[in-house]
Amino acid sequence: MGRIALIFNNTLVESYFLSGSIQHNCQAEAASIFLIIDMDHHLPFVLLPLVLSVAPNGLCQKEDICSKSLVNSCNDCIRSGPYCAWCQQLNFTKAGEQESARCETQAKLIGRGCKEEEIINPMSSQQIQKDESFSTSFNMKEPIQLRPQKISLRLRPGLPTTFSVSFKRVQGYPVDLYYLMDLSFSMRDDLENVKELGQDLFAALKKITAHAQIGFGAFVDKTVLPYTNTNKNKLQKPCNENYECQAAFGYRHVLSMTPRIEEFKGKVTKQLISGNLDSPEGSLDAMMQSAVCGDQIGWRNSSTRLLVLATDDGFHMAGDGKLAGILEPNDGNCHMKNTLYTKSNEMDYPSVGHLATQLEKNNIQPIFAVTKNVEYMYKQLSSMIPKSEVGVLSQDSNNVVQLIESAYNRLSSKVTLTHDTLPENIRVVYTARCEYPRQEGDNKGVCDNVHVGQEISFDVTVTTDSCIENQTFSIRPLGIKDTLTVTLSTSCECLCNNPRESSHQLCNGNGSISCGICRQHFVGQFCECSIGNKDEHSLRGSCLSPSGTECESHGDCVCGRCQCHTTASGSSYYGDFCECDNEHCEKFHNKLCGGNGQCNCGECKCNPGFDGSACQCTKSEEGCRTPNNTICYGRGNCKCNHCECKNGYQRPHCQICLGCPDPCQTKLNCIECLGFESGPLKKNCSLACKETISHEMIEQFTFSSKLCQQKDTNGCWIKFKVDQHFGEDKYMAEILKQRDCPEPPNVMAIIWGSIGLVALIGIFLLMLIKLLIYMKDLKEFRKFENEKKKSKWAELPKSLVLEGLNASLELRPLIHPSSSRHLIVVEGFVCPDDPRG
């Protein structure tokens, strides 16, 4: 679609759109013409009429087209396309002409003689149902900043309808600011500064409105691994010993909205830093709860809602909870009890899209006050959340007041008009009418640099593609509570001025007039056909060809039978559905059927001696004859002296089939039953195989074809060759008489071999056990020998006489060096030292 834009001193004054399809006088599909007007040069004002008159009718006009199919009534016509109109004028159609001729564009109907007042062409309409005036200032009542408030549209499917929406921001509109702060350990310096900024924050808000409130909340992260150290002592005091800090937590609501600065300073001053393990924080968890827990936060119904998120790190999002085994998705509901988010360790983080939906639903505009290292990340996040801004914090957050003030000015000066969920097949396009329009897509209108009290407007174009009834959707500025409710209906029914007679003379007294055509108990152009026990739809159904077209569009359905039209040359269409004619056959040398045949219902019937789809060649079979004097080996048809082979067989004579199954595989069962009377076809071999294959048992092959070697059901190898005869499934087989069958196994050898193997295994195990016992005894003996070598024996200086013995013996007292005990050796006996001496 082309466009003419007027630019006055670098400012867009007005733009005009050119139609997309340019006929006759317009040679380009789309064009854009820009008039740049300077105060010092007046020539463009002279050129403007010339530009606007590029066509005789001013701007290039689109030719309306009515695309119709199966039109049997006025309602069918209106639903066929946005430019279709219906002529209800009596006797408009000619004898034998279908009633669908009444359905065309308005211009063509008038050109064919239909009076303009007899044309049914419903147009779109609109009705404003509620349009209260703008509020001049905020006076504790619900202000009016958007008008109208309710509008009803009646649309023609396919035709766009445009209406205007105006917006004017009221002076002194309330502001609710919720300061949501990251209290992880890295934000300790920022917390100290925020404690001192309460006075400045309220002063900045008072510049904007006298009705300002402020609240405070804090967040860290989920108190489970790997986000937070779950040691009991670390949960209670997550930072080191040198700092005073509070226990780890996910999100805590500290202060509800309040206009009192002392209350804000008192609550914030008591806040302590906390800590966690990983760098990303639970920011999205906290923002979700701040958005959906409106009663606890204290958001007012009529206010600009600002959510300031202050952090120096990134954020976790949906899916990160799996690291901690948290699989339940975030449900977007409020789960706050005693100021704490109770489902922090049970639900995953919300997704960005889910959070954006909830923020938009609750008219909350986020301001991301972040440090320089994460600025890019939050700008990416801001691009996915409507009506949000990003500001860069200093290292200790001492510039947060200026950041909030500038971000608010950017948010409040930008007005974005958009809609909620649309009904099916509805399209809405916005065009901003303001000093600084911005293009951010067709589904929203944006005006920038809008001041308080400045009135702006948007053109809203609504189009439906189907018939609907009483559907609604809402249009509203983002971040503002005001809404416009749009109710939609469509004009899909014809409101015709029908004569009151129940038996009109035009219908031969057999029916009444409905939108210019005869209806009721008889059918036909003039109700000349009796319906009987059928309805009109059934009668017309008998005229539908297999392709679904009534009389193939070559005739009229009269009383359930096709009355065929004549062709352009004067001959007639024929057939049950007027599907045949004798003019549309294949041509050869620009002659119908090559001049060698007759055209019959789209096919050439060749004269004797000619062949081909266009009778283009003489009949001959010489090129199709094979060495064995057959035609194409019986696997194709000879046309124009060439073989047209059946699927898989190759030219020139259809002898070889590249894509056919291997006969070595497919004929194996027949070979086995014919040659050796075995196999799965043994019982009905003659029935299954005699028609397709003949065989001969031989000692040596004579065929030159491929050798087939296959294993039969008994495990024997069968060798055979097959040669294909005339036709597709005719074979001659040569089968070797002798099969190669493997010898049966020697059972006794297997048994004795198994027994011998078991015996050898047993002997081996016994020898292994004996070896292990021997190795153990050898180890013990060597240990004993080593101990014996280490022993030293000392002699006592005197002889001992054993009491109770009649003989006096010479004794060799010995003292073991590692013991204080004495040993007495008496003729091979070793006794322990006797305490009696």
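Residues numbered from 1 in each chain as written. Predicted model: local features only at pLDDT ≥ 70, side-chain atom pairs only at ≥ 80, totals over all residues. Heavy atoms only, no water.

Draft legend 1. A look at the pattern of salt bridges. Overall, the coordinates contain 24 salt bridges when judged by the stated rule. A salt bridge links Arg260 to Glu263, with the nearest nitrogen and oxygen atoms 2.8 Å apart. Here Glu440 and Lys414 are joined by a salt bridge, their closest N and O atoms 3.2 Å apart. With Glu440 in the loop between β21 (437-438) and β22 (445-447) and Lys414 in the loop between α12 (400-413) and β19 (415-419), the pair connects residues that are 26 residues apart, well separated along the chain. Three or more residues joined by partner-sharing salt bridges are found here, namely Lys414, Arg438, Glu440 and Asp448. (Salt bridge = Lys/Arg side-chain N within 4 Å of Asp/Glu carboxyl O. Helix = DSSP H or I, 4+ residues; strand = E, 2+ residues; numbered from the N terminus.)

Draft legend 2. Molecular detail of the packing of helix α8 (residues 283-292) against helix α10 (residues 352-361). Closest axis-to-axis distance for the α8/α10 pair is 9 Å, and the angle between their directions is 25°. Between α8 and α10, the interaxial angle falls into the category roughly parallel. Crossing angle aside, the handedness with which α8 passes α10 is left-handed. The residues of α10 that touch α8, namely those facing Leu284, Met287, Met288, Ala291 and Val292, are Val352, His354, Leu355, Gln358 and Leu359. (Axes fitted to C-alpha atoms, helices over the stretch in contact; angles between N-to-C directions. Parallel < 35°, antiparallel > 145°, perpendicular 65-115°, else oblique. Left-handed = near helix turned anticlockwise from the far one by under 90°. Contact = heavy atoms within 4.5 Å.)

Draft legend 3. Structural detail: the packing of aromatic side chains. Within this structure, the stated rule accounts for eight aromatic pairs. Between the aromatic rings of Tyr227 and Tyr349, the centroid separation amounts to 5.9 Å while the plane-to-plane angle is 85°, which identifies the pairing as edge-to-face. On the criterion of sequence distance, the pair formed by Tyr227 in the loop between β12 (212-219) and α6 (232-236) and Tyr349 in the loop between β16 (340-341) and α10 is long-range, its members being 122 residues apart. When sorted by exposure, Tyr227 lands in the same class as Tyr349, which is buried. Every member of this aromatic cluster is reached through a ring pair, and the members are Tyr179, Phe202, Phe216 and Phe264. Its end group placed over the ring of Tyr349, Lys222 keeps NZ or CZ at 4.5 Å from the ring centre. Over the ring of Phe676 we find Arg739, and its NZ or CZ is 4.3 Å from the ring centre. (Phe/Tyr/Trp six-rings, centres within 6.5 Å; stacked < 30°, edge-to-face > 60°. Buried < 20%, exposed > 50% of the residue type's maximum accessible area, 1.4 Å probe, protein only. Lys NZ or Arg CZ within 6 Å of the ring centre and 35° of its normal.)

Draft legend 4. Seen up close, the state of the cysteines. By the definition in use, this model includes 24 disulfides. Disulfide pairing places Cys585 opposite Cys599 at an S-S distance of 2.0 Å. In this structure, the disulfide formed by Cys585 and Cys599 twists by about 80° around the S-S bond and is classed as right-handed. Taken as a pair, Cys585 in the loop between β31 (561-564) and β32 (587-588) and Cys599 in strand β34 (residues 597-600) lie far apart in primary sequence, 14 residues in all. With respect to class, Cys585 is no different from Cys599; both count as buried. (Disulfide = S-S within 2.5 Å.)

Draft legend 5. How the structure looks around the sheet that holds strand β40 (residues 693-698). Ordered in space as β40-β43-β42-β41, the four strands form an open sheet in which the pairing is mixed. Two strands close off the open sheet at either side, each with one partner strand: β40 and β41 (707-711). Direction aside, neighbouring strands of the sheet carry axes that sit 30° apart on average. Where strand β42 (residues 717-724) lies against strand β43 (residues 731-736), five bridges are found, and the strand directions are antiparallel. Looking at the pairing, Asp723 lines up with Met732 of β43. Strands in contact with helix α15 (residues 668-676) are β40, β41, β42 and β43; relative to β40, the strand with the most contacts, it is inclined by about 50°. (Pairing = 2+ DSSP bridges.)

Draft legend 6. The side chain of Asp482, seen in detail. Looking at the secondary structure, you find Asp482 in the loop between β24 (471-477) and β25 (484-490). The buried charged residue Asp482 lacks any salt bridge partner; its closest oppositely charged side chain belongs to Lys481, at an N-O distance of 8.4 Å. In this structure the side chain of Asp482 is engaged in a polar contact, spanning 2.9 Å, whose partner is the backbone nitrogen of Gln145. Setting aside anything within four residues of it in sequence, one finds Asp482 in contact with Pro143, Ile144, Gln145, Leu146, Ile475, Arg476 and Pro477. (Lys, Arg positive; Asp, Glu negative; His and termini not counted. Polar contact = N/O pair within 3.5 Å; in protein donor to acceptor, adjacent residues only side chain to side chain.)

Draft legend 7. Spotlight on the sheet that holds β24. Pairing is mixed in the open sheet, where seven strands are placed in the order β7-β9-β25-β24-β19-β22-β21. Unpaired on one side and paired on the other, β7 (125-130) and β21 mark the two borders of the sheet. Relative to β24, β19 runs antiparallel, the two sharing three bridges. Along β24, the bridge assignment pairs Thr418 with Arg476.

Draft legend 8. Region of interest: helix α4 (residues 188-195). Along α4, the residues that are buried comprise Asp190, Leu191, Val194 and Lys195. On an axial view of α4, the arc spanned by its buried residues comes to 140°, and they lie on one face. Contacts from the buried residues of α4 go to β11 (175-182), α5 (198-208), β12 and α7 (261-269). (Arc of directions from axis to C-beta.)

Draft legend 9. Local environment of the environment of Pro386. Structurally, Pro386 is set in the loop between α11 (375-383) and β18 (389-392). Residues Pro386 and Gln365, 21 residues apart in the sequence, show an inter-C-alpha distance of 7.9 Å. Not counting chain neighbours up to four residues away, the residues in contact with Pro386 comprise Ala356, Glu360, Pro366 and Leu478.

Draft legend 10. Examining the packing of α5 against α7 more closely. With their axes 9 Å apart at the nearest point, α5 and α7 run at an angle of 145° to one another. The handedness of the crossing between α5 and α7 is right-handed. Side by side, α5 and α7 meet where Gly198, Gln199, Leu201 and Phe202 of the first sit next to Ile261, Phe264 and Lys265 of the second. Partitioned by chemical class, the residues of the contact of α5 with α7 number four nonpolar, two polar and one charged. (Nonpolar A, V, L, I, M, F, W, Y, C, P; charged D, E, K, R; others polar.)

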